[in-house]
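So you can see what is in the structure, the chains are spelled out below.
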Amino acid sequence: EKLAAAHASGKLVFFGAHAHLVCAKAFAKFLAPAAKKKWFVYAKEPLAGPKQVLAYLSRYTHRVAISNSRLIKADDTSVTFRVKNYRANGPARYTTMTLDIDDFIRRFLLHVLPKGFHRIRHYGLLATGQREKNVERARDMLGVAMPADAPADAAAADDIVGNDLPSCPCCESRQRIIETFLRGETPRHRPSSRPLVFKVDTS
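This one's a predicted model, so the numbers in the text were calculated from it and none came from an experiment. Residue numbers here run from 1 along each chain, matching the order of that chain's written sequence. Local features in this predicted model are restricted to residues of pLDDT 70 or higher, and side-chain atom pairs are both shown and tallied only at a pLDDT of 80 or more, whereas totals for entire chains, interfaces and linings draw on every residue. Calculation of side-chain values draws on the structure's entire complement of heavy atoms; hydrogens and water are dropped beforehand.

A. Region of interest: the overall build of the chain. In this description a helix means any DSSP run of H or I spanning at least four residues, a strand means any run of E spanning at least two, and both kinds are numbered starting from the N terminus. Of regular secondary structure, the chain possesses six helices and five strands. Along the chain, from the amino end to the carboxyl end, the secondary structure elements read α-α-α-β-β-β-α-α-α-β-β. Type-normalised accessible area, obtained with a 1.4 Å probe on protein chains alone, sets the label of each residue: buried when under 20%, exposed when over 50%, and partly exposed for intermediate values. By the burial criterion, 11% of the 203 residues in the chain qualify as buried. Summed over its atoms, the accessible surface of the chain is roughly 17,900 Å², and 58% of this surface lies on carbon and sulfur atoms. A 1.4 Å probe and the Shrake-Rupley method give the accessible areas. Residues count as covered only by the protein chains that appear here.

Next up, the structure:
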């Protein structure tokens, strides 16, 4: 209804292959399939704090395509695992599926990102390509000064980011110094499966 009203008031503009939708009849025909479809709105309360945000994101950053708990049986020809059928309700929603080995591997690899891609990335103002310029412009437009703990010059910034360090052997991205400590001290950061960079003060 909103799209039809916007079209009637001349607020919609069409280009290229959709130029014919300027005609009211063509636009109505274009919207007809969407009008016949049953739409269900899904909404829930927003995340309630940092712990919930971390728990939500960790399910994406640290889980694989299928967990071991869902695997039921595997042999030389097939794999059987538990699945959830979202189109069914009640007990029928939880069932099992058996796939040939090659099809199971094919589906699993659909969840493996190509080299150089990350599951979670910054977007908008914090997108990597133009982040520094965007943040600087945003500070200028808002009249916000540079944070007091920000590096005063490019050399200091390179030292914090780690431009002089080799790239990460896993993702080839630029490494960052996360902690500086004296020789003999124990780092505060917990061990991780990912390579961490520490800077030891030997003075």
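That shown, we press on.
B. A look at the environment of M146. Topologically, M146 is positioned in the loop between helix 5 (131-142) and helix 6 (154-161). We classify M146 as exposed; its relative accessible area is 55%. Taking C-alpha positions, M146 is 8.6 Å from E136, a pair spaced ten residues apart along the chain.

C. View of the nonpolar core. Buried Ala, Val, Leu, Ile, Met, Phe, Trp, Tyr and Cys residues that are joined via side-chain atoms within 4.5 Å together make up what is termed a nonpolar core. Core analysis: the largest hydrophobic core is formed by six residues, namely I66, V79, F81, V83, L99 and F104. The contact rule is simple, with two residues in contact once any of their heavy atoms fall within 4.5 Å. Look past the residues within four positions of F81 in its chain and what remains in contact with it is I66, R70, L71, I72, T95, T96, M97, L99 and F104.

D. Structural context of the side chain of H7. Here H7 shows up in helix 1 (residues 2-8). The class of H7 is buried, set by a relative accessible area of 15%. With residues up to four places along the chain from it excluded, the contact list for H7 reads L12, F14, L21, V22, C23, A24 and F27.

Any functional reading would require information beyond the geometric quantities listed.
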